[in-house]
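Below, each chain spelled out in residue letters.
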Amino acid sequence: MDFTSAAGATLRFLHSVLGMDLWIVSRRDGEDYVVLSALDTAEVGVDAGDVMAWTDTYCAAAVEGAAPRFAEDVSAVPAWVRARELNGLPFTSYLTVPMRASDGTLLGTVCAGSLRRLRASETALDGVQLSADLLATVLEHEAARSALRAADPAPHEVDPVTRLGDRARFERALREEEERAQRYGTTAGVVLVQLEDLPQVNERAGHEAGDALLRRAAHALQARLGDGVLTRLAGGRFAALVPGAGPDEAASLADRLRVAAAASGSAVSTGWAARRAATGLAHAWRQADAALAADRARTATCPGAAAPRVLDPVGAGGPGAGAPGAEPAWTERVAHLLEMARQQLDLDVVGVCVTDGTSWRVVQAAQAPTVPDLRERAWPVAESVCQRLVDGRTSVVVPDLLADAGAVPFAITRDLGARAYLGVPVHRRDGRLHGSLWGASLRPLPELRARDASVLHVVARVVAGAVDEAEHAADERREVLQRLDALRAAGGPRPVFQPIVAVADRSVLGAEALSRFPAGTPDAWFGDAARVGAGVPLELDALRAALAAWPGAGLLSVNVSPRTAGSPELVRALAGAPVDRLVLEITEHEPVDDYGALLANLAGLRREGLRLAVDDAGAGFASLRHVLALRPDFLKLDVSLIRDVHLDPTRRALAASLAVFAAESGAAVIAEGVEVAEELECLHGLGVPYAQGYHLGRPAPAEELQVVG
């Protein structure tokens, strides 16, 4: 039986024995009192999930020693009289007993109130305490079992530089921990860390040096974090989600992470916040983001700030091997091959080593449980069997290392007790040496033959191919980042505007802002930026440029992805902007993982007048669900529905149905891509109120904007 079921059954049992009108299982979450389960037979108005101030509760007074565990008459207990005045629950009799963990930590309380005067014997109260103890055992066990783990991110959630999770992993962790917090009344902290010197390092020493800085910082932060999930959001920004961390713990962790990140060679800013039950983790993220912005402002104005240290850009071993603890990106692809080779050859370890000329370092290994973790183990060149292998001074296969006069002494024999060895060099496609692929056994293997190395030759070719692919991906990423740097240095995306007009009378509703780049299509630029983790910053640059160039006549519509719309950075970017004249077009080509979090992030802006539009309706994921969840002010029909709509009955039927649907849901329809008069006339007949397209006006700078259709 899970905790929720156990709590419900316990409250029903206690009610059957003792009566009382309201039974509650609750938990303290910082300053909040959270109801985990409730049995409200008198309809007092308390339900599971309710939150009130901890100091306003009967339970707080009892836990703090200001009230007994039971009072036949609440009026006789001053602390409970005050609680009754604060919370408005008009009980005459009340009882509360603690739920404590095995170490004595308060987990919550079991409480009950009666509208009429009741008596309860000490034996009955002891029974309630026993029930509370049993519930505490279930709660402690289930909460620990369900605790958020720093598990490896899904393949599509991996940051290509640090091998941490990316923004998608962080957002998923927030959702999972929020569900857990609501279920068990737990808390959690969010800490953000910003490497302030990353842009200067990229500019002065190149993106390889910047990537090395990111990997060093990731390794240092992970070492200091302990339990929790560490991710890289974008650029030099990292985010840590720490279950169980209240305000004090989150503040302390922020200080520790600041020190750890600074040791990697950069000025650092941090921001933190702890979850409140009344507002949730998404709000804590926004608070942490605001705190980070304030700290960054202090850092920027701090006199005497040191110039960034530019450390060695990339260590030996190819892409991703530059920092201790940072595994190359290709290791996940070959890990299972190493294990298969180990099992097939009956070896205790199979690994990949790379060299920097002074030592050989293990970057990946599959090993038996009896072998210590070899990752990042390094041996001097003079003691390495791998060096002798590539030099041709030892055989590819050595059945007994101690019996091979030319193979003594070897560090793997001294450190691991290895007795048998086989290995092959790993060469890149262009002939360059990457490293060696080797296997070892803790016992001699007299039956080992040269043909056994053929298995390693096959794996070595896969490793070499994967390294080449990883280097190619790293080169592509570096090229994209350099293009983005050059774009930003040149002033960022250039905005142009396309008019949105009323179909009936050609009056101008406003305009959509479109971005123009030095070369290539906007889709390619935004797609490339998203692929390297810079999508949100580029979208915000485009948004700022559009706001700066728009004269303020009519509505301004700007495209953003769901990820940007759900980010605290967007809210900060729009601080002070005329959001009552702004429409955010949320593209339908990207799925929304958490509509509630997205809408909560935009709630303040919506209250200030921000409008939403669903872009490309009918062309992406789950159109109707997208519209129903977001409740947009505008629904923009994709150009694929509008093209030749006057000639295609199917397109007309779909456009008409979407227009009716939008009207019923309180949204106005805008048809995109209108290129001929016949399309516009057809849309008018279908009841579509607004349109845009080349027939009505081409994209142009704000001062040249005009309606021509």
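Here the structure is a predicted model, which means the values were calculated and not measured.

Draft legend 1. Examining the sheet that holds strand β17 (residues 494–502) more closely. Spatially, β17-β18-β19-β20-β21-β22-β23-β24 is the arrangement adopted by the 8 strands of the closed barrel, whose pairing is mixed. Bridge count for strand β22 (residues 634–637) against strand β23 (residues 668–671) is 4 bridges, and the pairing is parallel. Looking at the pairing, L637 lines up with A671 of β23. Running at roughly 175° to β22, helix α21 (residues 649–664) makes contact with β22 and β23 of the sheet.

Draft legend 2. How the structure looks around unusual backbone geometry. Residue R506 is not a glycine yet carries a positive backbone phi of 65°. Relative to the helices and strands, R506 resides in the loop between β17 and β18 (508–516). Overall, R506 belongs to the partly exposed group, its relative accessible area being 33%. If you check the backbone angles, D644 has positive phi at about 60° while not being a glycine. Looking at the secondary structure, you find D644 in the loop between α20 (639–642) and α21.

Draft legend 3. Looking closely at the packing of helix α6 (residues 198–205) against helix α7 (residues 207–225). Across the interface, α6 lies against α7 with an axial gap of 6 Å and an inter-helix angle of 145°. Seen from α6, the contacting residues are L198, V201, N202 and A205; seen from α7, they are H207, A209, G210, L213 and L214. Residues of the contact of α6 with α7, tallied by class, amount to 6 nonpolar, 3 polar and no charged.

Draft legend 4. Focus on the state of the cysteines. Overall, the coordinates contain 1 disulfide when judged by the stated rule. This cysteine, C353, is not joined by any disulfide, and C386 carries the nearest cysteine sulfur, 4.2 Å off. With a relative accessible area of 0%, C353 lands in the buried category.

Draft legend 5. Structural context of the pairing of β17. Burial runs high along β17: 8 of the 9 residues are buried. The sheet contact formed by β17 and β18 spans 8 bridges and is antiparallel. Paired with I500 across the bridge in β18 is G510. From the end of β17 to the start of β18, which pair antiparallel, there are 5 residues, and R506 there has a positive phi angle of about 65°. With 2 bridges joining them, β17 and strand β24 (residues 690–691) adopt antiparallel strand pairing. Bridge pairing in β24 links V501 to A691.

Draft legend 6. Focus on the packing of aromatic side chains. All chains considered together, the criterion is met by 11 aromatic pairs. Ring centres 5.9 Å apart and planes at 80° place the aromatic pair Y58 and W80 in the edge-to-face group. Highlighted residues: Y58 in helix α2 (residues 58–63) and W80 in helix α3 (residues 78–87), separated in sequence by 22 residues. Between F91 and Y94, the aromatic rings sit 5.7 Å apart at their centres with planes inclined by 40°, giving tilted as the arrangement. Judged by relative accessible area, which is 0%, F91 ranks as buried.

Draft legend 7. The arrangement of the nonpolar core in detail. Ranked by size, the top nonpolar core spans 53 residues in total, and within it F497, L556, L574, L584, L602 and L610 carry the most contacts. Setting aside chain neighbours within four positions, we find L556 in contact with F497, A511, A513, A546, L547, W550, R581, L582 and V583. V25, A136, A143 and A277 belong to the second largest nonpolar core, which has 28 residues in total.

Draft legend 8. Summary view of the confidence of the model for the chain. Mean pLDDT over the chain: 85, with 91% of residues reaching 70 or higher. Every residue in residues 303–329 is under pLDDT 50, and counting partners more than four places away or in other chains gives 63 contacts.

Draft legend 9. The arrangement of the pairing of β18 in detail. Where β18 lies against strand β19 (residues 555–560), 4 bridges are found, and the strand directions are parallel. Opposite G510, over in β19, you have L555 as the bridge partner.

Draft legend 10. A look at the pattern of salt bridges. Applying the stated criterion across every chain, the model contains 46 salt bridges. Here E471 makes a salt bridge to R428, at a shortest N to O gap of 2.9 Å. One end of the pair, E471, is in helix α13 (residues 453–489); the other, R428, is in the loop between β15 (420–427) and β16 (433–441), and 43 residues separate them in sequence. The buried category is assigned to R428, whose relative accessible area is 7%. D430 is paired through a salt bridge with R432; the nearest N and O atoms lie 2.7 Å apart. Judged by relative accessible area, D430 falls into the exposed class, the value being 53%. The class for R432 is partly exposed, based on a relative accessible area of 40%.

Draft legend 11. Representation of the sheet that holds β16 in the model. Strand order in the open sheet formed by 6 strands is β13-β12-β11-β16-β15-β14, with antiparallel pairing between adjacent strands. Strand pairing shows two members of the sheet lacking a second neighbour, β13 (378–380) and β14 (397–398), which therefore form its edges. Bridging between strand β11 (residues 349–355) and strand β12 (residues 359–367) involves 7 bridges; their strand directions are antiparallel. Bridge pairing in β12 places V352 opposite Q364. Strand contacts of α13: β11, β14, β15 and β16, with the helix running at about 35° to β15, the strand carrying the most contacts.

Draft legend 12. Region of the structure containing α7. Taking 1.5 Å per residue, 19 residues should reach 27 Å; α7 reaches 26 Å between its end C-alpha atoms and fits that length. Across the 19 residues that make up α7, a large majority, 14, are buried. Positive phi shows up at G226, right after α7, with a value of about 75°.

What counts and how
Residues numbered from 1 in each chain as written. Predicted model: local features only at pLDDT ≥ 70, side-chain atom pairs only at ≥ 80, totals over all residues. Heavy atoms only, no water. Pairing = 2+ DSSP bridges. Helix = DSSP H or I, 4+ residues; strand = E, 2+ residues; numbered from the N terminus. Contact = heavy atoms within 4.5 Å. Axes fitted to C-alpha atoms, helices over the stretch in contact; angles between N-to-C directions. Buried < 20%, exposed > 50% of the residue type's maximum accessible area, 1.4 Å probe, protein only. Nonpolar A, V, L, I, M, F, W, Y, C, P; charged D, E, K, R; others polar. Disulfide = S-S within 2.5 Å. Phe/Tyr/Trp six-rings, centres within 6.5 Å; stacked < 30°, edge-to-face > 60°. Core = buried A, V, L, I, M, F, W, Y, C linked by side-chain atoms within 4.5 Å. pLDDT = per-residue confidence, 0-100. Salt bridge = Lys/Arg side-chain N within 4 Å of Asp/Glu carboxyl O. Expected span 1.5 Å × (residues − 1).

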